[in-house]
Amino acid sequence: MITPDTKVEELMKIPGILSYCILKGVSLITCSDVFPDSIGKLLEMKNVADPETFIRELNVYLKSFPEQGQTE
């Protein structure tokens, strides 16, 4: 389950997650590499209006890949 404390590095292990987030208006990549902190911190820095909904939708997306198991 993805929480605000889940590291972006862990999210990058999920197939298609980068494309999914970009389609939702949030890139997980900074100018040099993967964002080095949590998804909650990234959403805060990107001024996402409703981070709880964004994370909830990520969890729905994750359920479409049951073989991936749980993230931390």
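So, here is what we can say about the structure in this document. (Residues numbered from 1 in each chain as written. Predicted model: local features only at pLDDT ≥ 70, side-chain atom pairs only at ≥ 80, totals over all residues. Heavy atoms only, no water.)

## As for helix α4 (residues 51–63)
Quick reminder of the rule: Per the convention used, a helix needs a DSSP run of H or I reaching at least four residues, while a strand needs a run of E reaching at least two, with both numbered from the N terminus. A helix's residues, less one, multiplied by 1.5 Å, set its expected span. Classification of residues uses two cut-offs on accessible area relative to the type maximum, computed with a 1.4 Å probe and protein chains only: under 20% is buried, over 50% is exposed, and between them is partly exposed. When we speak of the arc, we mean the arc of directions from the helix axis to the C-beta atoms. Contacts were defined at the residue level, with two residues in contact if any of their heavy atoms lie within 4.5 Å.
When the terminal C-alpha atoms of α4 are compared, their 19 Å separation across 13 residues agrees well with the 18 Å that a helix rising 1.5 Å per residue should span. Within α4 the residues assigned to the buried category are F54, I55, L58, N59, Y61 and L62. Down the axis of α4, the smallest arc covering the buried residues is 160 degrees, so these residues share one side. Facing away from the buried surface of α4 by more than 90 degrees, the exposed residues are E52, V60 and K63. For α4, the elements touching its buried residues are α2 (17–23) and α3 (39–45).

## Considerations on the pattern of salt bridges
We apply this condition: Salt bridge, as applied in this entry: a Lys or Arg side-chain nitrogen positioned within 4 Å of an Asp or Glu carboxyl oxygen.
Summed over all chains, the structure comprises four salt bridges. A salt bridge links D37 to K7; its shortest N-O distance comes to 3.7 Å. Here D37, found in the loop between α2 and α3, pairs with K7, found in the segment before α1 (8–11); they are 30 residues apart in sequence, far enough to count as distant. Residue K7 is classed as partly exposed on the basis of its relative accessible area, which comes to 35%. Two residues, E10 and K13, come together in a salt bridge whose shortest N-O distance is 3.1 Å.

## Remarks on the environment of G25
Within the fold, G25 resides in the loop between α2 and α3. Spatially, the C-alpha atoms of G25 and V48 are 8.9 Å apart, while their sequence positions differ by 23 residues.

## Some details on unusual backbone geometry
Glycine aside, a negative phi is what most residues show, and trans is what most peptide bonds show. Not every positive phi belongs to a glycine, and N47 is a case in point at roughly 55 degrees. By the secondary structure assignment, N47 is in the loop between α3 and α4.

## Here we look at the side chain of S38
Under the convention used in this document: In the analysis that follows, any N or O atom pair within 3.5 Å is treated as a polar contact, provided that within protein one partner can donate a hydrogen and the other can accept it, and provided that, for residues neighboring in sequence, both atoms belong to side chains.
Mapped onto the elements, S38 comes out in the loop between α2 and α3. Looking at S38, the relative accessible area reads 9%, which means it is buried. One polar contact links the side chain of S38 to the main-chain amide nitrogen of K41, over a distance of 3.1 Å. Those residues in contact with S38 that lie beyond four places of it in its chain are P4, D5, T6, K7 and V8.

Purely geometric stuff here, so don't read any function into it on its own.
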